[in-house]
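Below are the chains, spelled out letter by letter.
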Amino acid sequence: MKKYAYWNNKGGTGKTSLAFQSVAMFAERNKQAKILVVDLCPQANISELFLGGLLGKGSENLLTLQSYSPRKTVGGYFQERLPSPYKMPQIDVQVFISKPCEFNQNISDNIYLLAGDALVELQANAISTLANTQIPGTDTWLNIVDWLNDFIKSLDKNYDYIFVDANPSFSIYTQIALAAVDSVILPVMADDSSRRAVQNAFSLVHGINLPSPIYSQHNFSSRLSSAGRATPQFHVFPKNRLTQYMGAASAYHSVLTSIDQMISEILSSRPSVFSFNNISDGIVELRDFQTTGVVAFAFGLPFTAMKPGIYNMYAGRETQVKAEYLDNCIESMNRLISKL
């Protein structure tokens, strides 16, 4: 079983769109594999995409999953864990999982979904309090961040791949996401704030370049290590803000180069942080999705399910998807999929 998290603590919809497209197309190319998508972002954008997108009733379909008792969402699972935070209760975790293809016919039938839920944001304070509770002989924080691990173990290894969409913040539910995966996919935007976001990611996940030694014993990595647990490795850095024709736009080139230099320096000094040995193996350059991505996002469409032509969008507005741009998007996703 391979477990990946898509995470970028900068925020934005680019990471979600990239995660949706790569997982959807990966599933199409690996029909024999059983794939679980876990949405641990309270905005639940990737869930809405798999369930149909804005114009394909993705939001309404998500509300349907939330109307069940228990809710067929990660919030429903967390609700069952709150009374039993430090020990997995006797529950059937399959009841929280749905099949997106039952709502969105463009999604491969080997994809399963533990849908996102805004309820997680309301649960976060209680979960954090439980994680910080002092109980002799019990590592309460570890037991809490193992909630997704407990869920996965209860699946009896039914899935070949698990993809987790993690929230941009480093909240308790993001820690729950990252504690359950082996590898992190960290999308990089070609702007200066993404450079800082990559720096923050190294600090938050692996305790690199912390602002003060006082944090060294209490960061995410050290707490996992003290429990004999491995910290997830950075697996690939997709650069998803390149121009269609010219490669990296000249205005962004210096920013992208500085990110490469940062990764190279850490790769040299802390190779265990990464799943690759050469930086070329950990970088994927992607062209901007542009209008094609907007249409795909609106309808919950994998690029491979799209055709060139006119799409009726919001308020009767027509949007054209060009064949060349669609081919570029598929080519970009194929490069990322090859790394999974």
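Source: prediction; values computed, not measured. (Residues numbered from 1 in each chain as written. Predicted model: local features only at pLDDT ≥ 70, side-chain atom pairs only at ≥ 80, totals over all residues. Heavy atoms only, no water.)

A.B. asks: Account for the overall build of the chain, naming residues and giving values.
C.D. replies: Within the chain, the secondary structure is distributed over 14 helices and nine strands. Taking 340 residues into account, the globule formula puts the C-alpha radius of gyration at 20 Å, and the chain, at 20 Å, falls close to it. Dimensions of the chain, computed from C-alpha atoms along their principal axes, come out at roughly 65 × 50 × 35 Å. Here the chain, with 340 residues, has 54% of them falling under the buried criterion. Counting only contacts in the chain whose residues sit at least 6 apart along the sequence, the fraction spanning at least 24 positions is 75%. Carbon together with sulfur atoms contributes 48% to the accessible area of the chain, which is approximately 14,700 Å² in total. One way to put it: in the chain the 28 positive side-chain charges average out to a point 2 Å from where the 28 negative ones average out. (Helix = DSSP H or I, 4+ residues; strand = E, 2+ residues; numbered from the N terminus. Rg over C-alpha atoms; globule rule 2.2 N^0.38 Å. Buried < 20%, exposed > 50% of the residue type's maximum accessible area, 1.4 Å probe, protein only. Contact = heavy atoms within 4.5 Å. Areas by Shrake-Rupley, 256 points an atom, 1.4 Å probe, with all protein chains shown as cover. Lys, Arg positive; Asp, Glu negative; His and termini not counted. Charge placed at Lys NZ, Arg CZ, Asp CG, Glu CD.)

A.B. asks: Please set out the nonpolar core residue by residue, giving values where relevant.
C.D. replies: In this structure, Leu-40, Phe-78, Phe-151, Phe-202, Phe-234, Phe-237 and Phe-274 are the most contacted members of the largest nonpolar core, which totals 61 residues. The contact partners of Phe-274, leaving out residues within four places of it in the chain, are Phe-202, Gln-233, Phe-234, Phe-237, Ile-263, Ile-266 and Leu-267. Grouped together as the second largest cluster of nonpolar side chains are 47 residues, Ala-27, Ala-115, Ile-330 and Leu-340 included. (Core = buried A, V, L, I, M, F, W, Y, C linked by side-chain atoms within 4.5 Å.)

A.B. asks: Describe the pattern of salt bridges, with residues and values.
C.D. replies: Under the definition given, this model contains seven salt bridges. With a closest N to O distance of 2.9 Å, Asp-150 and Arg-81 form a salt bridge. Of the two residues, Asp-150 is situated in helix 7 (residues 147–153) and Arg-81 in helix 4 (residues 74–81); the sequence distance between them amounts to 69 residues. Each member of the pair Asp-150 and Arg-81 is classed as buried. Ionic pairing is found between Arg-229 and Asp-146, a salt bridge with its closest N-O pair at 2.9 Å. Of this pair, Arg-229 sits in the loop between helix 10 (220–226) and strand 6 (233–242) while Asp-146 sits in the loop between helix 6 (140–145) and helix 7, placing them 83 residues apart in sequence. (Salt bridge = Lys/Arg side-chain N within 4 Å of Asp/Glu carboxyl O.)

A.B. asks: Summarise the packing of helix 1 (residues 14–29) against helix 14 (residues 323–337); cite the residues concerned and give the values.
C.D. replies: One can describe the packing of helix 1 onto helix 14 by two numbers: an axis separation of 9 Å at closest approach and a directional angle of 75 degrees. One finds that helix 1 runs roughly perpendicular with respect to helix 14. Taking contact as the criterion, the partners of Leu-18, Gln-21, Ser-22, Met-25, Phe-26 and Arg-29 in helix 1 are, on helix 14, Ile-330, Met-333, Asn-334, Leu-336 and Ile-337. A breakdown of the residues in the contact of helix 1 with helix 14 according to their chemical character gives seven nonpolar, three polar and one charged. (Axes fitted to C-alpha atoms, helices over the stretch in contact; angles between N-to-C directions. Parallel < 35°, antiparallel > 145°, perpendicular 65-115°, else oblique. Nonpolar A, V, L, I, M, F, W, Y, C, P; charged D, E, K, R; others polar.)

A.B. asks: Describe in detail the side chain of His-235, supporting the description with residues and values.
C.D. replies: Relative to the helices and strands, His-235 resides in strand 6. By relative accessible area, His-235 is classed as buried at 16%. Among residues more than four places away in sequence, those in contact with His-235 are Tyr-4, Ser-183, Val-184, Ser-275, Phe-276, Gly-282, Lys-339 and Leu-340.

A.B. asks: Kindly report on the pairing of strand 4 (residues 161–166), identifying the contributing residues and their values.
C.D. replies: Taken across its six residues, strand 4 has six buried, putting it largely inside the fold. In strand 4, alternate side chains face the same way, and those of Tyr-161, Phe-163 and Asp-165 on one face and Ile-162, Val-164 and Ala-166 on the other are all buried. As paired strands, strand 1 (residues 2–6) and strand 4 are joined by five bridges and run parallel to one another. If you follow Lys-2 over to strand 4, its bridge partner there is Tyr-161. Bridge count between strand 2 (residues 35–40) and strand 4: six bridges; the pairing is parallel. (Pairing = 2+ DSSP bridges.)

A.B. asks: I'd like to hear about helix 3 (residues 58–66), residue by residue, with values.
C.D. replies: Within helix 3, the full set of buried residues consists of Gly-58, Asn-61, Leu-62, Leu-65 and Gln-66. Taken around the axis of helix 3, the buried residues stretch over an arc of 150 degrees, which confines them to a single face. At its buried positions, helix 3 is contacted by helix 2 (45–50). (Arc of directions from axis to C-beta.)

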